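Survey of secondary and tertiary structure
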Amino acid sequence: MIQRPSSALRNFLTGEAGGAVLLILAAALAMLLANLPAAGHFYHDLVHAQVGPTLTPKLGPMTVHLWINDGLMAIFFLVVGLEIKREFLDGGLSTWERRRLPVLAAVAGMVFPAIVYLVVTGGEPGLTNGWAIPAATDIAFAIGVLALLGDRAPASLKLFLTAVAIVDDMGAVAIIALVYTQGLDMTALAGAAAVLAVLYGMNRAGVKALTPYMIGFALLWYFTLLSGVHATVAGVLAALTIPIRCTPGAPDAIDSPLHRLEHAVHPWSAYLIIPLFGFVNAGLALNAQMFALLLEPLPLGVALGLFIGKQLGIFGAIWAAVRFNIADCPSGANWAQIYGMSLLCGIGFTMSLFIGGLAFPGQAILVEEAKGGILMGSLLSALVGFAVLRWAAPGERRAEIAAG
């Protein structure tokens, strides 16, 4: 009997933390280069070097930074869209009973950080546009930390965190499309709609070959870029048109186009695109002026939104849902482990950096302040969440760990 391969997401959940490690190393390298006197200008010039033509006057000449943030990140969002579709049709979110608790937790986990941010920033008009920065969870980073814990974190907790993060990603995509879109070009938007209609038509017609969908994805990205909607949204929209063959209770069908595409693209996203994104976005010059700025309302609002808002929203929603019999607690996990997982959801690194750049276009100081808050909040959430989960195993399990 031929062994069918498991999904890329399942492989990641079984203990693969390589992508998260690469992201950490890339971010650390960016921080190092940005703070070395001899390399600071090199890093800045490299990130902002012009590469290629001007695709749209709104963005100006394409740079390394733009190609990664507006181009390669569309592929990352394609993977996000594929995972969303598969989980809703053939995975842990395929029924309302399975969706109820993750949806409640994810929604609360987006609302509370935004509230904390707005309270800390005092509703200053120049800062309110950053309310969504602490609302998103970095799924790769959070799952990577869980993977480093091995069997100290039950599989049900990993699956639940993934479900919460996927719903969270849906919210982040909606925010990007609806809140951070300005000056729509209706002609380009009509072109994007036409391409999307063709992709949907191919799905309905039973087209299984991936090449036509990838050509359509490229065209959809281009029209979306010109339209004024952030180009990465094209990745999620294209993913939703990829055909899937559902196999409930079993690994994905090897002849499912969505399964094949996910396995083909996921390694590139996890091991190249996300580390590159971290490298070009995480370079923060830590001088005396920047340390002073970290105490300003914007970075404090972002950091506290991620660290305080996320844990309040997610843990509070889970506790309330279980307390009032709306949903059951994740199986095999105790409350300390659920609290540790809620802390890990405060790692907003990739998505928060992405939204931070959209929230304050052309305002370099505010973007840098937001970046500092993201790094503070994400690092604190990762360290405390890891520590809680490291010692939150049941009593007999802790005894085994201590014994060797």
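The structure presented is a predicted model; accordingly, all values stated were derived computationally and were not measured.

Further remarks concern the overall build of the protein chain. Across its full length, the protein chain holds 17 helices and zero strands. Its C-alpha atoms give the protein chain a radius of gyration of 21 Å, within 12% of the compact-globule value 22 Å for 404 residues. Taking the principal axes of its C-alpha atoms as reference, the protein chain extends roughly 60 × 60 × 40 Å. Relative to its full complement of 404 residues, the protein chain shows a buried share of 52%. Long-range pairs, those at least 24 residues apart, make up 80% of the contacts in the protein chain between residues at least 6 apart in sequence. When the accessible area of the protein chain is evaluated, it comes to approximately 17200 Å², of which 70% is carbon and sulfur surface.

This brings us to the nonpolar core. The tendency in soluble globular proteins is for nonpolar side chains to be buried side by side. Ranked by internal contacts, the top residues of the largest apolar core, which has 85 residues, are Phe77 and Phe349. Looking at this core, the element that brings in the most residues is helix H7 (residues 155-178), giving twelve residues. With sequence-adjacent residues up to four places away left out, Phe349 is seen in contact with Leu23, Ala27, Asp138, Phe141, Gly278, Ala282, Ile374, Leu375 and Ser378. Counting 25 residues, the second largest nonpolar core, distinct from the first, contains Met62, Ala192, Leu210 and Leu261.

Side chains of Val107, Val111, Phe112, Ile115, Val119, Leu304, Ile308 and Leu312 sit close together on the surface and give an oily, nonpolar patch of about 650 Å² of accessible area. Every element with two or more residues in the nonpolar patch is listed here: helix H5 (96-121) and helix H13 (297-323). In terms of residues, the nonpolar patch owes the most to one element, H5, which gives five residues. Mapped onto the elements, Leu304 comes out in helix H13. Of the residues examined, Leu304 reaches a relative accessible area of 34% and is grouped as partly exposed.

Packing of H5 against H13 leaves a shortest axis separation of 6 Å and a crossing angle of 150°. Seen from above, H5 lies across H13 with right-handed handedness. Within the contact of H5 with H13, the residues separate by chemical class into 20 nonpolar, six polar and one charged.

It is worth spelling out the pattern of salt bridges at this point. Summed over the entire model, instances satisfying the criterion amount to four salt bridges. A salt bridge links Lys310 to Asp168; the shortest N-O distance between them is 2.8 Å. Of this pair, Lys310 sits in helix H13 while Asp168 is found in helix H7, placing the two residues 142 residues apart along the sequence. When sorted by exposure, Lys310 lands in the same class as Asp168, which is buried. Linked through salt bridges whose partners overlap, the residues forming this network are Arg86, Glu87 and Glu262.

A few words now on unusual backbone geometry. Positive phi, normally seen in glycine, also occurs at Asn325, with a value near 60°. Within the element layout of this structure, Asn325 appears in the loop between H13 and helix H14 (335-344). The exposure class of Asn325 is exposed, given its relative accessible area of 70%.

Once that is clear, we can look at the packing of helix H4 (residues 64-90) against helix H9 (residues 210-227). Direction vectors running N to C along H4 and H9 enclose 135°, while the axes themselves pass 12 Å from each other. It follows from the interaxial angle that H4 and H9 lie oblique. Between H4 and H9 lies a crossing whose hand is right-handed. Facing Trp67, Asp70, Gly71, Ala74, Ile75 and Leu78 of H4, the residues of H9 in contact are Phe217, Trp221 and Leu225. Its residues placed into classes, the contact of H4 with H9 shows seven nonpolar, one polar and one charged.

Once that is clear, we can look at the packing of aromatic side chains. The final tally for this structure, using the stated rule, is eight aromatic pairs. Measuring from centroid to centroid gives 5.4 Å for Tyr43 and Phe279, while their planes differ by 80°, and the two rings are edge-to-face. Taken as a pair, Tyr43 in helix H3 (residues 40-47) and Phe279 in helix H11 (residues 257-281) lie far apart in primary sequence, 236 residues in all. This pair shows no difference in class: Tyr43 is buried, exactly as Phe279 is.

Our next topic: helix H6 (residues 139-148). Since there are 3.6 residues in each turn of an α-helix, residues three or four apart along the chain are aligned in direction. With eight of ten residues buried, H6 is to be regarded as a mostly interior element. Buried within H6 we find Ile139, Phe141, Ala142, Ile143, Gly144, Val145, Leu146 and Ala147. Gly150 sits one or two positions beyond H6 and adopts a positive phi of about 60°.

Residue position: Leu196 is located in helix H8 (residues 186-204). Looking at Leu196, the relative accessible area reads 25%, which means it is partly exposed. Separated by 17 residues in sequence, Leu196 and Tyr213 place their C-alpha atoms 10.0 Å apart. Leu196 has contacts with Leu220, Leu237 and Thr241, leaving out every residue within four places of it along the chain.

The topology assignment puts Asp70 in helix H4. Taking relative accessible area as the criterion, Asp70 reaches 8% and is therefore assigned buried. Residue contacts for Asp70: discarding those within four places in its chain leaves Leu59, Trp221, Leu225, His230, Ala231 and Thr232.

This model, assessed by the stated rule, comprises zero disulfides. Not engaged in a disulfide, the cysteine Cys329 finds its nearest cysteine sulfur in Cys345; these two sulfurs lie 14 Å apart. For Cys329, a relative accessible area of 25% corresponds to the partly exposed category.

Conventions adopted
Residues numbered from 1 in each chain as written. Predicted model: local features only at pLDDT ≥ 70, side-chain atom pairs only at ≥ 80, totals over all residues. Heavy atoms only, no water. Helix = DSSP H or I, 4+ residues; strand = E, 2+ residues; numbered from the N terminus. Rg over C-alpha atoms; globule rule 2.2 N^0.38 Å. Buried < 20%, exposed > 50% of the residue type's maximum accessible area, 1.4 Å probe, protein only. Contact = heavy atoms within 4.5 Å. Areas by Shrake-Rupley, 256 points an atom, 1.4 Å probe, with all protein chains shown as cover. Core = buried A, V, L, I, M, F, W, Y, C linked by side-chain atoms within 4.5 Å. Patch = residues over 30% accessible without salt bridge, like charges linked within 9 Å, V, L, I, M, F, W, Y side chains within 5 Å. Salt bridge = Lys/Arg side-chain N within 4 Å of Asp/Glu carboxyl O. Axes fitted to C-alpha atoms, helices over the stretch in contact; angles between N-to-C directions. Left-handed = near helix turned anticlockwise from the far one by under 90°. Nonpolar A, V, L, I, M, F, W, Y, C, P; charged D, E, K, R; others polar. Parallel < 35°, antiparallel > 145°, perpendicular 65-115°, else oblique. Phe/Tyr/Trp six-rings, centres within 6.5 Å; stacked < 30°, edge-to-face > 60°. Disulfide = S-S within 2.5 Å.

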